[in-house]
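Single-letter residue listing:
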Amino acid sequence: MAEQHDLMELAKRRGFFFGSNGAYGGTAGFYTFGPEGASLKHNVESAWRDRFTVRLGNDEIEAPTIMPEAVFEASGHLDGFDDMLVECAECGESHRADHLIEDAVEDIEDAEALGVDRVEELIREHDLACPTCGAALAGEPVEDFNLMFETSIGPGSGQTGYMRPETAQGIFVEFPRLKEYARGQLPFGVTQIGPAYRNEISPRRGIIRVREFTQAELEQFIDPEEDEPPLGEVDDVGVRLYPASEQHADDGGYVDTTIGEAVAEGIIGSPWVAYYLGVAQEWYERVGVDMDRFRFRQHLGGERAHYAADCWDAESEIDGNWIEIAGFAYRGDYDLSKHGEYSGDRFTIFKRYDEPVTVEKAVVDPDMSALGPEFGGAAADVAEALQDLAEDDPDAFDSDEVTVDVDGESYTVDTEVANFSIEEQTESGEHITPHVVEPSFGVGRTVYTLLEHAYREDEVDGEERSYLSLAPEMAPTDVAVFPLVTNDDELVGVAEDVAGSLRKAGLSVSYDDSGSIGRRYRRQDEVGTPFCVTVDKDGLEGDGGPTVTLRERDSAAQIRLPVDDVAAELAALLAGDREFEGLSQRYDDVDTDVTTA
């Protein structure tokens, strides 16, 4: 296990990630992914796209990162997307109040769920001080701080906009068009991978809590009355759950079970959420998360997002702490209903009945020649309000007069003018608002988890080494190629040809001829390169054609094999179709000194 400072130092030194804008003093909460990190991040995104877009048969879109204010008024982010802020009166630094509580009080893991008043009390009770200057924070107010970055769209004052705090809204806003691409048939899913922005009060712990980050999200649109997930695909998937009931209990603990049993016993209330927990469990295993340091934790009531009926987090253990790396929420019809209400567009799907049905329907046919002179410009809105009232409360038309509200004003209409009646109508279907199930993955936090869980230290050839035991699919580089020496033109030429042939085969190749062969191995071990190919003089002098030495990262074991076989064997190893140990049955083991530093 890597200490945080060790991993941060390795990440910076080897080009995984580092603080941005260093030439200008840096900007807290923003990180640049270097060559190794950008490649690892791309591999995580590709693996996610393969599982959650391609294999599940979903569509993918790419929406703008800046959206107008009206979008976030409808979504609730303007009013409810807040964190707790406390400002030090002495030095002026702002801090996450709930984080201060969690760091100082051992038995509190989720101070955000306690509410502002209780957090203020705990700051006083524990006499908490400003982490920056040491001044007392007792008595300082705790306030809700909206996390969205505000901007202006267009010149001058322009139109108020915000940088999206989640990629989901880009999918929801485009639902009226996306449903057409799905031919109006539920269920269907839409994915998106891209940046989101949150103006964090106190960014910390490297790329764990930042102000710009990448999300990979799936919005699954379903008919809650008819659509069921294919639970049979994940029934037997084993999971470690930490339900809310266990978190509240004094002696609570994990529940190790299967997805099928968790649904049958009601531990996971939504079968759709359960299905995606099962899919995610297998995906995290595939990309190399240490499953002994992984769990699904159910949100407590006070920490659930405003849109979530139920939510579970995938959490990984990092340096002794549990961090959220994905969320699985049943959002109900909140998002589509809100956008339908605020936009005026139709965020529903027409659900056709098996056979037409005859229904009684309350209708009005207002006499506009009477409404117009009496109510002027409000007449049309009054007529619409009368129809809404007829549908919601037909008994209101039993009296001589009926009153409706329009924009806060009351209008009274004679019932005869409203022309109310009950009619029989034949309907072929109805408009329904789909419900949404959302798996949302933090790409940067997954990258950090993979690095931390893959970090190893051991000894090879009498020397200590640190290396990243990354899954081959995730490794930034597939293979490194070395000429043993650089003063032999023939040997260098063969090494360059080998590197070129591997690139043509679609492999990511690093060519390194700098320093001793031992140092070159150590460099590749530290960035997680699973295999190294070394070209030496002995391999060029054999009777059976040129050979090279293939070295496996974790074991440091080596075999010699023909140059012509290298590309095919590496492709099979990287795809998981062949085990390295099995190659020794096809090729002779060699005992060379090429691993000597």
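Details of the structure are given in the entry above.
One structure accompanies this document, and this report is about it.

Parameters and conventions
- Residues numbered from 1 in each chain as written.
- Predicted model: local features only at pLDDT ≥ 70, side-chain atom pairs only at ≥ 80, totals over all residues.
- Heavy atoms only, no water.
- Helix = DSSP H or I, 4+ residues; strand = E, 2+ residues; numbered from the N terminus.
- Buried < 20%, exposed > 50% of the residue type's maximum accessible area, 1.4 Å probe, protein only.
- Contact = heavy atoms within 4.5 Å.
- Areas by Shrake-Rupley, 256 points an atom, 1.4 Å probe, with all protein chains shown as cover.
- Lys, Arg positive; Asp, Glu negative; His and termini not counted.
- Charge placed at Lys NZ, Arg CZ, Asp CG, Glu CD.
- Core = buried A, V, L, I, M, F, W, Y, C linked by side-chain atoms within 4.5 Å.
- Axes fitted to C-alpha atoms, helices over the stretch in contact; angles between N-to-C directions.
- Parallel < 35°, antiparallel > 145°, perpendicular 65-115°, else oblique.
- Left-handed = near helix turned anticlockwise from the far one by under 90°.
- Nonpolar A, V, L, I, M, F, W, Y, C, P; charged D, E, K, R; others polar.
- Pairing = 2+ DSSP bridges.
- Salt bridge = Lys/Arg side-chain N within 4 Å of Asp/Glu carboxyl O.
- Phe/Tyr/Trp six-rings, centres within 6.5 Å; stacked < 30°, edge-to-face > 60°.
- Lys NZ or Arg CZ within 6 Å of the ring centre and 35° of its normal.

## What to know about the overall build of the chain
- Tallying secondary structure elements over the chain gives 21 helices and 28 strands in all.
- By its C-alpha atoms, the chain is 105 × 65 × 60 Å across when sized along the principal axes.
- Across the 597 residues of the chain, 49% fall into the buried class.
- A sequence separation of at least 24 residues applies to 66% of the contacts in the chain between residues at least 6 apart.
- When the accessible area of the chain is evaluated, it comes to approximately 28100 Å², of which 42% is carbon and sulfur surface.
- In the chain, 46 side chains carry a positive charge and 130 a negative one; their mean positions are 10 Å apart.

## Describing the nonpolar core
- In this structure, Y284, F296, F328 and F441 are the most contacted members of the largest nonpolar core, which totals 61 residues.
- The leading source of residues in this core is helix 11 (residues 271-287), at 11 residues.
- Aside from chain neighbours lying at most four places away, what touches Y284 is V289, M291, F294, A314, I325, A326, F441 and T446.
- Counting 25 residues, the second largest nonpolar core, distinct from the first, contains V481, V509, V548 and Y587.

## Looking at the packing of helix 13 (residues 368-375) against helix 14 (residues 379-392)
- At a closest axis distance of 8 Å, the pairing of helix 13 and helix 14 adopts a crossing angle of 125°. Here helix 13 is positioned oblique relative to helix 14, judged by the angle of their axes. Handedness of the helix 13/helix 14 crossing: right-handed. For the pair helix 13 and helix 14, contact is made by M368, L371, G372 and F375 and by A379, A380, V382 and A383, respectively.
- Among the residues forming the contact of helix 13 with helix 14, the class breakdown is seven nonpolar, one polar and no charged.

## Some points on the environment of T412
- Along the chain, the position of T412 falls in strand 19 (residues 409-414).
- Here T412 falls in the partly exposed class, since its relative accessible area comes to 35%.
- Sequence separation between T412 and V402 is 10 residues; the distance between their C-alpha atoms is 5.6 Å.
- The residues touching T412, leaving out its near neighbours within four places in the chain, are E374, F375, E401, V402 and T403.

## Regarding the sheet that holds strand 24 (residues 479-483)
- What the five strands build is an open sheet, ordered 25-24-26-27-28; its pairing is mixed. Only two strands of the sheet have a single partner each, and these edge strands are strand 25 (509-511) and strand 28 (558-562). Across the sheet, the mean angle from the axis of one strand to that of its neighbour is 25°, orientation sign disregarded.
- As paired strands, strand 27 (residues 547-552) and strand 28 are joined by five bridges and run antiparallel to one another. Paired with R551 across the bridge in strand 28 is Q558.
- Packing against the sheet, helix 18 (residues 517-526) makes contact with strand 24, strand 25, strand 26 (531-535), strand 27 and strand 28, and its axis sits at approximately 170° to strand 24.

## Focus: the pattern of salt bridges
- Scanning all chains against the criterion turns up 38 salt bridges.
- R286 is paired through a salt bridge with D50; the nearest N and O atoms lie 2.9 Å apart. Taken together, the residues span a long stretch of sequence, with R286 in helix 11 and D50 in helix 2 (residues 35-54) at a distance of 236 residues.
- The exposure class of D50 is partly exposed, given its relative accessible area of 21%.
- Across the pair E452 and R293 runs a salt bridge whose closest N-O atoms are separated by 2.4 Å. Here E452 is found in helix 16 (residues 443-454), whereas its partner R293 is found in the loop between helix 11 and strand 14 (294-298), with 159 residues between them in sequence. With respect to class, E452 is no different from R293; both count as buried.
- Look at the salt bridges and you will find they share partners, linking D83, R96, D98, E200 and R209 into a network.

## Description of the packing of helix 2 against helix 11
- Across the interface, helix 2 lies against helix 11 with an axial gap of 11 Å and an inter-helix angle of 145°. In the packing of helix 2 onto helix 11, the handedness of the crossing is right-handed. For the pair helix 2 and helix 11, the contacting residues are V44, A47, W48, D50, R51 and F52 in the first and Y276, V279, A280, W283, R286 and V287 in the second.
- Its residues placed into classes, the contact of helix 2 with helix 11 shows nine nonpolar, no polar and three charged.

## Quick notes on unusual backbone geometry
- In this structure, P187 follows L186 across a cis peptide bond, with omega equal to -5°.
- With phi around 55°, N419 is a residue other than glycine that occupies positive phi space.
- In this structure, N419 sits in the loop between helix 15 (415-418) and strand 20 (420-432).

## Details of the packing of aromatic side chains
- Going through the model one piece at a time under the given rule, you end up with 27 aromatic pairs.
- Arranged with centres 5.9 Å apart and planes meeting at 70°, the rings of W48 and F441 form a pair that is edge-to-face. Taken together, the residues W48 in helix 2 and F441 in strand 21 (residues 435-442) connect sequence positions 393 residues apart.
- On the basis of relative accessible area, F441 is assigned to the buried category, the value being 2%.
- Through a chain of ring-to-ring contacts, three or more aromatic side chains come together here, namely W48, F52, W283, Y284, F294, F296, F328 and F441.
- Residue placement shows K41 over the ring face of F33; its charged tip is 5.8 Å from the ring centre.

## Quick look at the sheet that holds strand 13 (residues 255-258)
- Within the open sheet, the nine strands sit side by side as 3-10-11-21-16-15-14-12-13. Their pairing is mixed. A single partner strand is all that each edge strand has here, and the edge strands are strand 3 (59-60) and strand 13.
- Of the pairings in the sheet, the one linking strand 14 to strand 15 (residues 310-318) comprises five bridges and is antiparallel in character. Its bridge partner lying in strand 15, Q298 is registered against W312.
- Each of strand 11 (212-222), strand 12 (238-242), strand 14, strand 15, strand 16 (321-332) and strand 21 is contacted by helix 11, which is oriented at about 145° to strand 16, the strand it contacts most.

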